Amino acid sequence: MQNSVAISALRLTDDQGRPGPLGFAKPIAASALAAALGLKIHGPDRLILRIGHPANNTGINGSIILEDNQSLDSTIAGAIVITQQGKYDMKLAAIKEKDITAIVYPANYPSQSVSVEIAKYLYWHCGTELLARSIHPSASISELAFISESVVISKDVYVAPFAVVGPNSYLGPGSSLKPRAVIGSRDQMSSQFPVLPTNSFGGVWLADNSAIGAASHVAAGCFGTFTFVGSQTKVDNLVSIGSTASIERECSIVACSILEANVTLKKGVWLGPNVTVKEGVTINKYAYLGSGSWVCNAIPAFTWAAGVPARAFGIVCRCKKKLLVSEHLAHCNRCHETYRINGSQVTPVKSVE
Ligand SMILES: [Zn+2]
């Protein structure tokens, strides 16, 4: 049993009042971590500033520890990679070329347990940064809401009665929480790192003018990252959003939908009621998912899909009107946008983005 108290430090915001990714309070050298866990280190010794998955943008401005679940070739230069013996041998050239530090564990070591051991060690020995508390005087916060200590609440935010704002939450200008909305909760559904305290050291980022509906909840990100809800995205009631999900701007998520961990919704996606998006799945921009869909695989942009499992039925305009396709072109008679169709690829002809 671990009985020391985790260390914390304050993460200050930039001149626009926005926090960066949360790092460790007291970084340690990669060699110290390797020595403590009896693992081998190859390449330069670096300070471990934060931890993350390759999929997250945690590599910016600092060394990282990566879960080795992607190709090392795609790994960011200067990173610290946790990798299995056999894989290290195969990818030696890529590691050297990119100036990567590798911490190598034996081939018979289950990768899930090595990542759990490392995350636990870093959590207890390096501690985490927490957001320095800041609440704009124009924010309207119910006295019956629960607000954690380390939060940033921007101007014109509205927090309704019985809403809960967990640690490391950033609420952008004009964002709102309806009654009993909970942000920054532990992710109860994720299959990743279920036993760790770590997913309480990430946070939730609500961009400007986003809204979280009544009794909906957004889990905290993992390893110092934020679960992200984009600008002007509307989340309806009784929706559940998993850890490290990334939802871009102008999406609509209708009631009772469930987004599992690491889901990505690109700009303007519309999810009908009671849609389930499985862990790690990406839905591309302006896709339209019919009610009750069960989304197990990536959905292309401008696709109208539905069903269990969801499959494509047609093309949808960014204004949400379903389109008829003739000779590789589709025209919307509501908003007059025209699209070029090439297999499953749909591109607006004007392409204002
Ligand atoms: Zn249209």
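Note that the structure is predicted; figures quoted are calculated from it, not measured.

1. Brief notes about the overall build of the chain
Each helix and strand counted, the chain has four helices and 40 strands in total. Evaluated residue by residue, the chain yields a buried proportion of 45% over its 353 residues. Long-range contacts, defined here as pairs at least 24 residues apart, represent 33% of the contacts in the chain between residues at least 6 apart.

2. Details of the sheet that holds strand β17 (residues 176-177)
Strands sit in the order β11-β14-β17-β20-β23-β26-β29-β32-β34-β35-β36 across an open sheet of eleven strands; the sheet is mixed. The open sheet has two edge strands, β11 (140-141) and β36 (322-323), and neither has a second partner.

3. A word on the pairing of strand β35 (residues 311-316)
Summarising the sheet, strand β34 (residues 303-306) and β35 pair through four bridges and their orientation is antiparallel. Note on β35: the bridge partner recorded for A305 is A312. Remark: four residues form the turn of the hairpin made by β34 and β35, two consecutive strands paired antiparallel; G307 in that turn has positive phi of roughly 105°. Both β35 and β36 contribute to a ladder of two bridges, which runs antiparallel. Opposite V316, over in β36, you have K322 as the bridge partner. The hairpin formed by β35 and β36 contains five residues between the paired strands, and K320 there has a positive phi angle of roughly 80°.

4. Quick notes on the sheet that holds strand β30 (residues 276-277)
The parallel open sheet is built from eight strands, whose spatial order is β12-β15-β18-β21-β24-β27-β30-β33. Looking at strand neighbours, the two that pair on one side only are β12 (146-147) and β33 (294-295), the edges of this open sheet. Sheet topology places β12 next to strand β15 (residues 164-165); two bridges connect them, and they run parallel. Of the residues in β15, the one forming a bridge with F146 is V164.

5. Concerning the nonpolar core
Counting residues in each nonpolar core, the largest one holds 63 residues, and the members touching the most others are A287 and L289. The contact partners of A287, leaving out residues within four places of it in the chain, are V269, I299, A301, F302, T303 and A305. With 27 residues, the next largest nonpolar core counts Y105, I118, Y123 and C222 among its residues.

6. Here's the deal with the environment of P300
Position of P300 among the secondary structure elements: in the loop between β33 and β34. Setting aside chain neighbours within four positions, we find P300 in contact with N284, S344, Q345 and V346.

7. Side note on the pairing of β34
Both strand β32 (residues 288-289) and β34 contribute to a ladder of two bridges, which runs parallel. Each bridged residue has a counterpart across the sheet, and for L289 the counterpart in β34 is A305.

8. Points about helix α1 (residues 30-37)
A30, L33 and A34 are the residues of α1 that are buried. Considered in projection along α1, the buried side chains sweep an arc of 95° and stay on one side of the axis. Of the residues trailing α1, G38 is marked for its positive phi of about 70°.

9. Looking at unusual backbone geometry
Cis peptide bonds are those with omega within 30 degrees of zero, and the linkage from V308 to P309 qualifies with -5°. Among the structural elements, P309 can be located in the loop between β34 and β35. Backbone geometry at N274 places phi at a positive 60°, although glycine is not the residue there. Note on N274: 16 C-beta atoms within 10 Å, which makes it partly exposed. The residue Y286 is not glycine, and still its phi comes out positive at about 60°.

Conventions we followed
- For every chain, the first residue of its written sequence is number 1, and the numbers climb from 1 along that sequence.
- Residues qualify for local features only when their pLDDT is at least 70, as the model is predicted, and side-chain atom pairs are given and counted only at 80 or more; totals for whole chains, interfaces and linings, by contrast, use all residues.
- Numbering of helices and strands runs from the N terminus, with a helix taken as a DSSP run of H or I at least four residues long and a strand as a DSSP run of E at least two residues long.
- Exposure criterion: with C-beta atoms placed from backbone coordinates, a residue whose C-beta has 20 or more other C-beta atoms within 10 Å is buried, one with 12 or fewer is exposed, and one in between is partly exposed.
- Throughout, a residue-residue contact means that the two C-beta atoms, derived from backbone geometry, are no farther apart than 7 Å.
- Pairs of strands are assigned from DSSP output, requiring at least two bridges between the strands.
- One nonpolar core equals one set of buried Ala, Val, Leu, Ile, Met, Phe, Trp, Tyr and Cys residues connected by C-beta atoms within 7 Å.
- Think of the arc as the fan of directions from the helix axis to the C-beta atoms.

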